[in-house]
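One-letter residues, chain by chain:
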Amino acid sequence: MNSYSILLRDRAQAGVGHPRLLAYEIPDRLAAQALVSGIAASYREHGFNPATRMHWFQDGDSIHEIYAWPHL
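A. Molecular detail of a nonpolar patch on the surface. Together, L22, L35 and I39 make up an exposed nonpolar region whose accessible area comes to about 230 Å². Residue position: L22 is located in strand 2 (residues 20-26).

Take a look at the structure:
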């Protein structure tokens, strides 16, 4: 059975280091995607990038990408 994790990374530091793990062992893909969407939407400046399939939000001067990832 697959489970999903929620990961966060700062766009300015993409390719440097690893994304931060916010949650793991979420058993349902739709639940993981709903959490990702809800977290991003809790910020005033937020959106979805269809090219990367990632949600994003701005926190201060930083723009973060947040996404669900399969976790085996």
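B. Representation of the pattern of salt bridges within the structure. For the structure on display, the rule yields two salt bridges. Its salt-bridge partner being E65, residue R9 comes within 2.7 Å of it at the nearest N-O pair. Here the residue R9 occupies a position in strand 1 (residues 3-10), and E65 occupies one in strand 5 (residues 62-71), the gap between them amounting to 56 residues. Its relative accessible area of 28% is what places R9 among the partly exposed residues. The closest approach of N and O atoms between E65 and R11, which form a salt bridge, is 3.3 Å. In this pair, E65 sits in strand 5 while R11 sits in the loop between strand 1 and strand 2, placing the two residues 54 residues apart along the sequence. With relative accessibility at 35%, the residue R11 sits in the partly exposed group.

C. Region of interest: the environment of Q58. Within the secondary structure, Q58 is located in strand 4 (residues 54-59). In this structure, the C-alpha to C-alpha distance between Q58 and G47, residues eleven residues apart in sequence, is 9.3 Å. Excluding residues within four positions of it along the chain, Q58 makes contact with Y43, E45 and I63. A distance of 3.0 Å separates a polar side-chain atom of Q58 from the backbone oxygen of G60.

D. Structural view of the nonpolar core. In terms of nonpolar packing, the biggest core is built from nine residues, these being Y4, I6, L8, I26, A32, V36, A40, F57 and I66. For this core, the elements supplying multiple residues, two or more each, are strand 1 and helix 1 (29-41). Beyond its immediate stretch of four places on either side in the chain, A40 contacts H46, H55, W56, F57 and I66.

The rules behind these values
Residues numbered from 1 in each chain as written. Predicted model: local features only at pLDDT ≥ 70, side-chain atom pairs only at ≥ 80, totals over all residues. Heavy atoms only, no water. Patch = residues over 30% accessible without salt bridge, like charges linked within 9 Å, V, L, I, M, F, W, Y side chains within 5 Å. Areas by Shrake-Rupley, 256 points an atom, 1.4 Å probe, with all protein chains shown as cover. Salt bridge = Lys/Arg side-chain N within 4 Å of Asp/Glu carboxyl O. Helix = DSSP H or I, 4+ residues; strand = E, 2+ residues; numbered from the N terminus. Buried < 20%, exposed > 50% of the residue type's maximum accessible area, 1.4 Å probe, protein only. Contact = heavy atoms within 4.5 Å. Polar contact = N/O pair within 3.5 Å; in protein donor to acceptor, adjacent residues only side chain to side chain. Core = buried A, V, L, I, M, F, W, Y, C linked by side-chain atoms within 4.5 Å.

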